[in-house]
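Now for the letters of each chain:
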Amino acid sequence: MVEIRGLCTQFDDVVIHRDIDLDIEVGQMLGLVGGSGSGKTTLLREMVGLLAPSKGTVRLFGEAVLDPDPERRRRLRRRFGMLFQQGALFSALSVHDNIAFPLRELHTLDEAMISDLVLLKLGMVELEARHARLMPAELSGGMIKRVALARALSLEPELLVLDEPTAGLDPDRSENFVKLLRMLQKELGFTVVMVTHDPETLAGLATRLAVLADQRIVACGTAAEVAAVDHPFIRNFFSSGRAAAVRQGVG
Amino acid sequence: MAVATIEAVRQSDAVQLVLSGEWTLATMPQPISGFELRLRDLAISKPGWDLRPISRLDSAGAILLWRAWGRQWPASLAVSSGHRALLERVEGISPDLQPEPSAEPLAWITVPGRLALSAGNHLAGMVAMIGQLVLDVAYLCVHPRDIPWREFSANLYKSGAQALPVTALIGFLIGIVLSYLSSLQLRTFGADVFIVNLLGISIVRELGPVLVAILVAGRSGSAMTAQIGVMRVTEEIDALATMGVSRSQRLVLPKVLALAVAMPLLVIWCSAAGITGGMVSANLQMGLSYGFFVDTLPRVVPVANVWIGLSKGVVFGVLIALIACHFGLRVKPNTESLSARTTTSVVTSITVVILVDAVFAVFTRNLGLP
Ligand SMILES: Nc1ncnc2c1ncn2[C@@H]1O[C@H](COP(=O)(O)OP(=O)(O)OP(=O)(O)O)[C@@H](O)[C@H]1O
Ligand SMILES: [Mg+2]
């Protein structure tokens, strides 16, 4: 599904990633953890082809993300949905139009169908129909996250890339979010890559963990496998109360 | 991938529709609206539905079925529990009941009315901003420590110093063109020497200030609106407010003062470039010597014209900065509004500059003309 080989990233002379290899199989839910500023968002951006790595290759669904052929690249990009850390909603469009945007781009659906789909996605992320008319600037932080998720889900993607999906949600919502995603995943069988700091989300969703530290993936596997790796970040991560939850949940 | 298929199975008295394959957005037959019509036709005879062979059903597929069923459960339905949950979710969609705002019948009167109200609103906003600036200046006189020198000098550099090349170029070119065209006319009357009067008065008094104002409005006015507008979009203005920093003192005042200082200097600079251009052109076209031109200029262009040009510069500068800041602060936090406000800001400041120039012309009609 996702295949990263020998990926290096460098901004000017600051090295962010050094020789990263990562494989994600179909149907896996990978939780990417790492300290703040360790380059998780950057890795996701490279994964979906928003940023060209300094070295190495990324393949999605068996095809290179940065394919020179624009038509093939466009088709590839319809197959995954991304949730940005800051939401990245189109500020000039209402919530409804934000979610409808990728659907309209398909040019095969009529407006009534689009409207139903939008309302369904809104319902999935526990927003009400009346919220559809609001503008992004009129939403709370958590609502922005949920609308962004609805937009990422709108094309029924095979791969869902989530950057801190539950940050800014209250515990109840984030639990519902986890349940929802798990249900959808079971139903549709999509693959998930997510960055999160929230142990509950990790425990509830992730089937595998990847740890990004020291500019590389220091461990990747089930929680037990990861916990067995001796590394300061991992020791720290599993030392606190979170450990039990994560260990139980993942894998 | 297995496409969505429908198969009709005839049992003793009823028809059973067996659906199989993948019922997802990507795999349903295109165009989807045509497929929906087909399903609807099938649903009319109230057949039984067997959804169990469906391997994948996503929300698009579920909505399609639900709509084909006329938004209700069919009488006979066999479906797996997972798919039933999805269909129940679709059942739960509550259409947005509030009606769309319809077109107003009285648009011919409300539209101009709204325009007038918003113009009045903007005018009031400008007056309030000017008042606030006066208060700020008074405050800064008492607390000179709080004067935002850095912002002031940064703005002076950005809208003054960095505008020098382009204003000189434009002034020079306009001077050449003007001189060339007038010399053709003047020569037919044998009035070659009056080129100095013509160029001197028109450039120093009118063209210099207006040209610079238009350039600065396009260059710095738009930049100011966009800057303040983006700060609104990204909540930086709110961040400033929480730090107890007055936005009018920190954002508006330095811009207004910087343009008030930079504009008259730019006017002089542009006028000088224009006259130089005119002089070069007159020399080439009519053989008028540089010495004669420079000698004659102060005699035929009373110094009052320079003062008029300078004061126009100050007034235009203040107006451009005020209008730019006003529209910048009115930006709503979305990109559409940002671009609309920036456009409005530039158009308004150029219009206002030309209007005020006309007012100047009326009030200074007895000054500085030989
Ligand atoms: N465009 C860029 N130019 C230069 N440096 C960058 C750029 N983007 C990111 N960085 C640097 O790369 C590092 C990793 O950034 P990244 O956003 O990937 O962190 P992160 O792991 O997502 O952190 P967080 O958990 O806080 O979101 C940071 O040190 C950041 O300063
Ligand atoms: Mg990040």
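Here the structure is a predicted model, which means the values were calculated and not measured.

**Observations concerning the side chain of Arg151(A)**
Residue and element names in this part refer to chain A.
Okay, step 1: Following the sequence through the fold, Arg151 ends up in helix α5 (residues 141-153).
Okay, step 2: We note that Arg151 is buried and unpaired, the nearest opposite charge coming from Glu105 at a distance of 12 Å.
Okay, step 3: There is a polar contact of 2.8 Å between the side chain of Arg151 and the backbone oxygen of Ala88.
Okay, step 4: Excluding residues that lie within four positions of it along the chain, Arg151 makes contacts with Gly87, Ala88, Leu89, Phe90, Asn98, Ile99 and Pro102.

**Some thoughts on the coordination of the magnesium ion (ligand 2)**
Okay, step 1: With distances of 1.9 to 2.4 Å, the protein atoms coordinating the magnesium ion (ligand 2) are Thr41(A) (OG1) and Gln85(A) (OE1). Separated by 44 residues along the polypeptide, Thr41(A) in helix α1 (residues 40-47) and Gln85(A) in the loop between β6 (80-83) and α3 (95-106) bring together distant segments of the chain.

**A word on the sheet that holds strand β2 (residues 14-24) of chain A**
All names here are of chain A.
Okay, step 1: Pairing within the open sheet is antiparallel, and its 4 strands lie in the order β2-β1-β4-β5. Each edge of the sheet is formed by a strand with only one pairing partner; in this case those strands are β2 and β5 (63-64).
Okay, step 2: Pairing of strand β1 (residues 2-11) with β2, which is carried by 7 bridges, proceeds in the antiparallel orientation. In the sheet register, Phe11 faces β2, and the bridge partner there is Val14.

**Re a nonpolar patch on the surface**
Residues and elements named next belong to chain B.
Okay, step 1: Together, Val177, Tyr180, Leu181 and Leu184 make up an exposed nonpolar region whose accessible area comes to about 350 Å².
Okay, step 2: With respect to the helices, strands and loops of the structure, Leu184 is situated in helix α6 (residues 164-189).
Okay, step 3: Looking at Leu184, the relative accessible area reads 36%, which means it is partly exposed.

**Quick look at the packing of aromatic side chains**
Okay, step 1: Enumeration according to the criterion identifies 8 aromatic pairs over all chains in this entry.
Okay, step 2: With a centroid separation of 5.1 Å and an interplanar angle of 75°, the aromatic rings of Trp66(B) and Trp73(B) are classed as edge-to-face.
Okay, step 3: Judged by its relative accessible area of 28%, Trp73(B) falls in the partly exposed class.
Okay, step 4: On the basis of an interplanar angle of 80° and a centroid distance of 6.4 Å, the ring pair of Phe316(B) and Phe360(B) is categorised as edge-to-face. One end of the pair, Phe316(B), is in helix α11 (residues 304-329); the other, Phe360(B), is in helix α12 (residues 335-363), and 44 residues separate them in sequence. Phe360(B) matches Phe316(B) in its accessibility class, with the two residues each being buried.
Okay, step 5: A network of ring pairs unites the aromatic residues Trp49(B), Trp66(B), Trp69(B) and Trp73(B) as a single cluster.
Okay, step 6: Cation over ring: Arg79(A) sits above Phe61(A), and NZ or CZ is 4.1 Å from the ring centre.

**Thoughts on the packing of α3(A) against α5(A)**
Residues and elements named next belong to chain A.
Okay, step 1: Remark: α3 packs on α5, axes separated minimally by 8 Å, with the N-to-C direction vectors making an angle of 25°. Taken together, α3 and α5 sit at an angle that is classed as roughly parallel. For the crossing formed where α3 meets α5, the hand is right-handed. Counting all contacts with α3, which are made through Val95, Asn98, Ile99 and Pro102, the residues of α5 involved are Val147, Ala150 and Arg151.
Okay, step 2: Residues of the contact of α3 with α5, tallied by class, amount to 5 nonpolar, 1 polar and 1 charged.

**With respect to the domain arrangement of chain B**
Okay, step 1: Domain boundaries in chain B define domain 1 (5-91) and domain 2 (125-363).
Okay, step 2: Computed over C-alpha atoms only, the centres of domain 1 of chain B and domain 2 of chain B are separated by 69 Å.

**Thoughts on the packing of helix α2 (residues 59-68) of chain B against helix α3 (residues 81-91) of chain B**
Residues and elements named next belong to chain B.
Okay, step 1: Contact geometry of α2 with α3 gives a least axis separation of 9 Å together with a crossing angle of 65°. Looking at the two axes, α2 sits roughly perpendicular to α3. Handedness of the crossing formed by α2 with α3: right-handed. Facing α2, whose interface residues are Ser59, Ala62, Ile63 and Trp66, α3 presents Leu86, Leu87, Val90 and Glu91.
Okay, step 2: Taken together, the residues that form the contact of α2 with α3 break down as 6 nonpolar, 1 polar and 1 charged.

Calculation notes
- Along each chain, numbering runs from 1 in the same order as the chain's sequence is written.
- Chains carry letters from A onward and ligands carry numbers from 1 onward, assigned in written order.
- Note on the predicted model: pLDDT of at least 70 is required for a residue's local features to be given, and 80 or more for side-chain atom pairs to be given and counted; whole-chain, interface and lining totals, by contrast, use all residues.
- Just so you know, side-chain values use all the structure's heavy atoms and leave hydrogens and water out.
- Segments assigned H or I by DSSP are reported as helices when at least four residues long, segments assigned E as strands when at least two residues long, and all are numbered from the N terminus.
- Exposed residues in this analysis have more than 50% of their type's maximum accessible area, buried residues have under 20%, and partly exposed residues fall in between, with area computed by a 1.4 Å probe over protein chains only.
- Positive: Lys, Arg. Negative: Asp, Glu. His and the chain ends are not part of the count.
- In the sections that follow, a salt bridge refers to a side-chain nitrogen of Lys or Arg positioned within 4 Å of a carboxyl oxygen of Asp or Glu.
- Definition of a polar contact: a pair of N or O atoms within 3.5 Å, with one able to donate and the other able to accept a hydrogen when the atoms are protein atoms, and with sequence-neighbouring residues admitted only if both atoms are side-chain atoms.
- A contact between two residues is defined here by any heavy atoms of the two lying within 4.5 Å.
- With water omitted from the atoms examined, metal sites may look incomplete; donors here are N, O and S atoms no farther than 2.8 Å from the metal, or 3.2 Å in the case of Na, K and Ca.
- Strand pairing follows a simple DSSP-based rule, namely that at least 2 bridges must link the two strands.
- Within this analysis, patches are made of residues with over 30% relative accessible area and no salt bridge. Like charges are joined at 9 Å or less; nonpolar side chains (Val, Leu, Ile, Met, Phe, Trp, Tyr) at 5 Å or less.
- Each accessible area is a Shrake-Rupley result for a 1.4 Å probe, and residues are judged covered by the shown protein chains and nothing else.
- Each aromatic pair joins two rings of Phe, Tyr and Trp (for Trp, the six-membered one) with centres within 6.5 Å, and gets the label stacked for planes under 30 degrees apart, edge-to-face for over 60, and tilted for any other angle.
- Counted as over-ring charges are cases with an Arg CZ or a Lys NZ within 6 Å of the ring centre that also lie within 35 degrees of the ring normal.
- Only the contacting stretch of a helix is used when fitting its axis, a line to C-alpha atoms as for every element, and angles between N-to-C directions run 0 to 180 degrees.
- Just so you know how the angles are binned, under 35 degrees is roughly parallel, over 145 roughly antiparallel, 65 to 115 roughly perpendicular, and the rest oblique.
- Two helices cross in a left-handed way if the nearer one is turned anticlockwise from the farther one by less than a right angle. They cross in a right-handed way if the turn is clockwise.
- Amino acids outside the nonpolar list (Ala, Val, Leu, Ile, Met, Phe, Trp, Tyr, Cys, Pro) and the charged list (Asp, Glu, Lys, Arg) are all regarded as polar, and Gly is one of them.
- The source of the domain bounds is an automatic or database domain assignment.

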